[in-house]
Amino acid sequence: MFIVPEAAIADILTRTDAFTAVEQVFAALSAGSAHNFPVIREAIGHEDALYGFKGGFDGKGMSLGLKAGGYWPHNLQRRGLINHQSTVFLFDPNTGKVAAMVGGNLLTALRTAAASAVSIKHLARKDAKVMGMIGAGHQAKFQLRAALETHSFKKVIGWNRTPAALLGLAEVAMQAGVPFEAVSLDGMTEADVVISITSVFSPIFGAAHISPGTHVACMGTDTIGKQECGTDLITKATVFTDEIGQSITLGEAQHAIKAGLKARDAITELGAVINGAHAGRTSDDEITLFDGTGVGLQDLAVAASIVERAVEKGAAIEVDF
Ligand code: NAD
């Protein structure tokens, strides 16, 4: 088996590779050639941690495995470690033998960023100029960096509960040569594309904050009970997702579904748009919303791409296991 340690990933995984792997796996998922296994995510009753497993099998990309890990909210203050900790294990689909162990932290950040970027590429208006960010935590900078590569954005606007954290987003915008402005949530109506990436359990924005024609990528809700936007926005928007089963149970759409405000059939997998089976956006006034729940297959696809590159570069550690 091959081991690719966390510290090696930054030199191996590019945003382009992550984007391609995620776009392909969304397409395979929607075509039925790949499927995710049910997600396990548990509060372990220690360190306020959430721990679990996301796995699946992609019969087209031939990746089988799981990501084990979760969220330790006190890591940063207490130990100087990031709060998300995970590891991906890949198995040979022909034999079941373990094939690789890959650090999953940067991988998760880049595959999550790739997911919203893939949604922006396929669902935002081609003339989108203003990029809006709601949230400025660990993940937000990755989301913004990848999003800025999809369109010629002329401005980035951002809101965060604690405005000081917006400096990180301003830096990313500056590196991409795009001006940044901190705004109130009401100011989000200026955006043509909005990414929300917060860990909130009750809505912080809704239909009143989003203008006609905007594409919204809701990326923060990946657990039962979390909610970033009001059900009024889910009802108003044309909703797309990475996987319908996750969207309606643990994604942003879970609340509108539960309240009977949105039908499961009205939610489309982004892969159907990528495959050309669904038209995606059909007018310049339509609000499109991507419910990015984070599927195990994304992790496996990106991990497989990392292993391939690491072996090519001589950066993978081979172990007889
Ligand atoms: P983080 O802890 O670094 O940042 C949390 C963000 O939420 C910050 O911007 C913070 O200001 C905001 N926030 C928290 N409580 C708030 C409140 N009450 N009101 C307003 N804002 C509030 O976390 P992160 O690593 O940036 O992750 C953000 C979210 O994204 C988490 O919920 C995480 O589980 C989720 N996530 C989803 C995926 C996916 O694939 N969809 C992948 C990774 C992370």
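Look above for the structure.
Residue indices follow the written sequence of each chain, beginning from 1 at its first position. Totals for whole chains, interfaces and linings use every residue, but because this is a predicted model, local features are given only for residues with pLDDT of at least 70 and side-chain atom pairs only at 80 or more, for both listing and counting. Water and hydrogen atoms play no part in the side-chain values, which are based on all heavy atoms of the structure.

## What to know about a nonpolar patch on the surface
Stage number 1. Only residues whose relative accessible area exceeds 30% and that form no salt bridge are eligible for patches; like-charged ones are grouped when within 9 Å, while nonpolar side chains (Val, Leu, Ile, Met, Phe, Trp, Tyr) are grouped when within 5 Å. The Shrake-Rupley method, run with a 1.4 Å probe, gives the accessible areas here. Residue values count only the displayed protein chains as cover. What counts as a salt bridge is simple: a side-chain nitrogen of Lys or Arg found within 4 Å of a carboxyl oxygen of Asp or Glu. Taken together, the side chains of Ile40, Ile44, Tyr51 and Phe53 make up a nonpolar region of the molecular surface, amounting to roughly 320 Å² of accessible area.
Stage number 2. Secondary structure follows DSSP: runs of H or I at least 4 residues long count as helices, runs of E at least 2 residues long count as strands, and numbering of each begins at the N terminus. Of note, Tyr51 is situated in strand β4 (residues 50-58).
Stage number 3. Burial classes follow relative accessibility: with a 1.4 Å probe on protein chains only, a residue under 20% of its type's maximum area counts as buried, one over 50% as exposed, and anything between as partly exposed. The exposure class of Tyr51 is partly exposed, given its relative accessible area of 31%.

## Regarding the nonpolar core
Stage number 1. In this text, buried Ala, Val, Leu, Ile, Met, Phe, Trp, Tyr and Cys residues form a nonpolar core when linked through side-chain atoms within 4.5 Å. Judged by nonpolar contacts, the single largest core of 65 residues is most densely connected at Val4, Phe26, Val102, Met131, Met133, Ile195 and Ile306.
Stage number 2. Discounting residues that sit within four places of it in the chain, Val4 has contacts with Ile9, Ile12, Met101, Val102, Gly103, Ile306, Val307, Ala310 and Ala316. Any two residues whose heavy atoms approach within 4.5 Å are treated as being in contact.

## A short note on the environment of Ala272
Stage number 1. With respect to the secondary-structure elements, Ala272 resides in helix α10 (residues 270-274).
Stage number 2. A relative accessible area of 12% places Ala272 in the buried class.
Stage number 3. For the pair Ala272 and Ala208, spaced 64 residues apart in sequence, the C-alpha to C-alpha distance is 29 Å.

## Thoughts on the pattern of salt bridges
Stage number 1. All chains considered together, the criterion is met by 13 salt bridges.
Stage number 2. Two residues, Glu149 and Arg15, come together in a salt bridge whose shortest N-O distance is 2.6 Å. Here Glu149, found in the loop between α5 (140-147) and β9 (155-159), pairs with Arg15, found in helix α2 (residues 15-31); they are 134 residues apart in sequence, far enough to count as distant.
Stage number 3. A salt bridge links Arg309 to Asp17, with the nearest nitrogen and oxygen atoms 2.6 Å apart. Separated by 292 residues along the polypeptide, Arg309 in helix α11 (residues 296-313) and Asp17 in helix α2 bring together distant segments of the chain.

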